[in-house]
Amino acid sequence: METRWLYTTSKDFDKLREISKDTCIIPMGCIEKHGLHMPLGTDIIEASAIAYAASQIEPVCVFADFYLGDVPEGSPNMHPGTVTIPVETEMLILETLCDQIARNGFRKILVVNSHGGNKPWLNTFMRKLENKKHDYVFAYTHHPHPVPHKMAEKILEEGSGYYPELTKEDEALLIKYHEEGMKIGHACMNECAYVMGTAPESVHLEYLGIEDGESRHKFDFLSEAKISAHTWPYDYPNAFSGGDPYGCNERIGKAAIRIASEEIARRIKIFKDDETLWNAHQEFIRGW
């Protein structure tokens, strides 16, 4: 059935809200460089694909993509194609959208986030909501990272054929990367798989090897001293963190999307069925 807000008619809208149990999810990402081999919209492409696939497993309304995520390295020398806006503006837009979603009858809103840089301001956003009387509950979740390690572990545990999408060559590749301890980070094997699974034409593995995904380790002394600072863009100037995802393909991508969507569907069901958070929120606003 159609679960996307934008593709639903006004006549059918109440039916969508009913089967969603008054729950709406928002795919969230950003627009930034992901190495040279992956598209600028990597995060929102994967968030949108996973959220929609999850909604076909656990029926839930999927709102329009929130692509204006936080890219803190926004500066005069930001990478070509990057789009960033002030965090205050992001929070105002999200709050306004949540108010409108609630006005249309949804009392539970869950962000399905694919951009690590959104986590800090989403936590601040939730705290900010506590200072405003609002008639909905808000939460967010980040999709899992199964490639290559989780998938390889399952293949080794369950045997060849556990993932029907994969060939024996695919299985061997995942096990190889797993045993080598391939680093997973940004524009890595995992993210490459997700985009391969939904928009393979936008991935350019032929660009691998031009820039690396290695850390410059300029600020290791801060992390060793348990001091937090935003050092990622300086340690990873190529906006790429992880091993080169040579051999990644659509089959691996389709399996990754399925695994992630099944897990996100499980989380959506928990959020949909729960009334504890909603009741606690009602107690909170009664004393406003």
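To start, this report covers the structure provided alongside it. (Residues numbered from 1 in each chain as written. Predicted model: local features only at pLDDT ≥ 70, side-chain atom pairs only at ≥ 80, totals over all residues. Heavy atoms only, no water.)

**Points about the pairing of strand E1 (residues 23–28)**
Here is the rule: Accessible area is worked out with a 1.4 Å probe on protein chains only. A residue is then buried under 20% of its type maximum, exposed over 50%, and partly exposed in between. Working definition: helices are DSSP H or I runs of at least four residues, strands are E runs of at least two. Numbering for both runs from the N terminus. Any two strands between which DSSP finds at least two bridges are classified as paired. The path from the first strand over the helix to the second decides the hand: if it runs clockwise while the strands point away from the viewer, the crossover is right-handed.
Counting buried residues along E1, six of its six residues qualify, which places the element largely inside the surrounding structure. Because side chains alternate across E1, one face comprises the buried residues Thr 23, Ile 25 and Pro 27, and the other comprises Cys 24, Ile 26 and Met 28, equally buried. Judged from the six bridges that link them, E1 and strand E3 (residues 108–113) form a sheet pairing that is parallel. In the strand pairing of E3, Ile 25 is matched with Leu 110. As paired elements, E1 and strand E2 (residues 61–62) share two bridges and run parallel to each other. Its bridge partner being in E2, Cys 24 is matched across the sheet by Cys 61. Crossover handedness for the path E1 to helix H2 (residues 42–57) to E2: right-handed.

**What about the layout of surface pockets?**
Note the following rule: Of the two site types, the cavity is a set of points on a 1 Å grid over the protein atoms alone where a 1.4 Å probe fits but cannot get out, and the pocket is an open set with protein on both sides within 12 Å along at least five of seven lines, each lined by residues with an atom within 4 Å of a point. Grid points are joined across faces, edges and corners, and a volume is the space filled by probe spheres set on the points. Under the scheme applied, nonpolar residues are Ala, Val, Leu, Ile, Met, Phe, Trp, Tyr, Cys and Pro; charged residues are Asp, Glu, Lys and Arg; polar residues are all the others, including Gly.
The computed volume of the largest pocket comes to approximately 320 Å³. By residue class, the composition of the lining of the largest pocket is two nonpolar, ten polar and seven charged.

**Things to note about empty space enclosed by the protein**
Applying the stated criterion across every chain, the model contains one cavity of 30 Å³ or more. Lining of the largest cavity is provided by Leu 36, His 37, Tyr 207, Leu 208, Gly 209, Glu 211 and Phe 240. Residue composition of the lining of the largest cavity, grouped by class: four nonpolar, two polar and one charged.

**Details of the packing of helix H5 (residues 149–158) against helix H6 (residues 168–179)**
Packed helix pairs are specified by the crossing angle of their axes together with the interaxial distance, meaning the distance between the axes. Defined as follows: Axis lines are fitted through C-alpha atoms, for helices just across the contact stretch, and the angle between N-to-C directions can take any value from 0 to 180 degrees. An angle below 35 degrees is treated as roughly parallel, one above 145 as roughly antiparallel, one from 65 to 115 as roughly perpendicular, and anything else as oblique. Note on convention: the crossing is left-handed when the near helix lies turned anticlockwise from the far helix by less than a right angle, right-handed when the turn is clockwise. We call two residues in contact whenever any of their non-hydrogen atoms come within 4.5 Å of each other.
As a packed pair, H5 and H6 sit with axes 8 Å apart at the nearest point and diverge in direction by 115°. For the element pair H5 / H6, the angle class is roughly perpendicular. Both H5 and H6 take part in a crossing whose hand is left-handed. Facing His 149, Met 151, Ala 152, Glu 153, Ile 155 and Leu 156 of H5, the residues of H6 in contact are Glu 171, Leu 174, Ile 175, Tyr 177 and His 178.

All we've got here are geometric facts, nothing functional implied.
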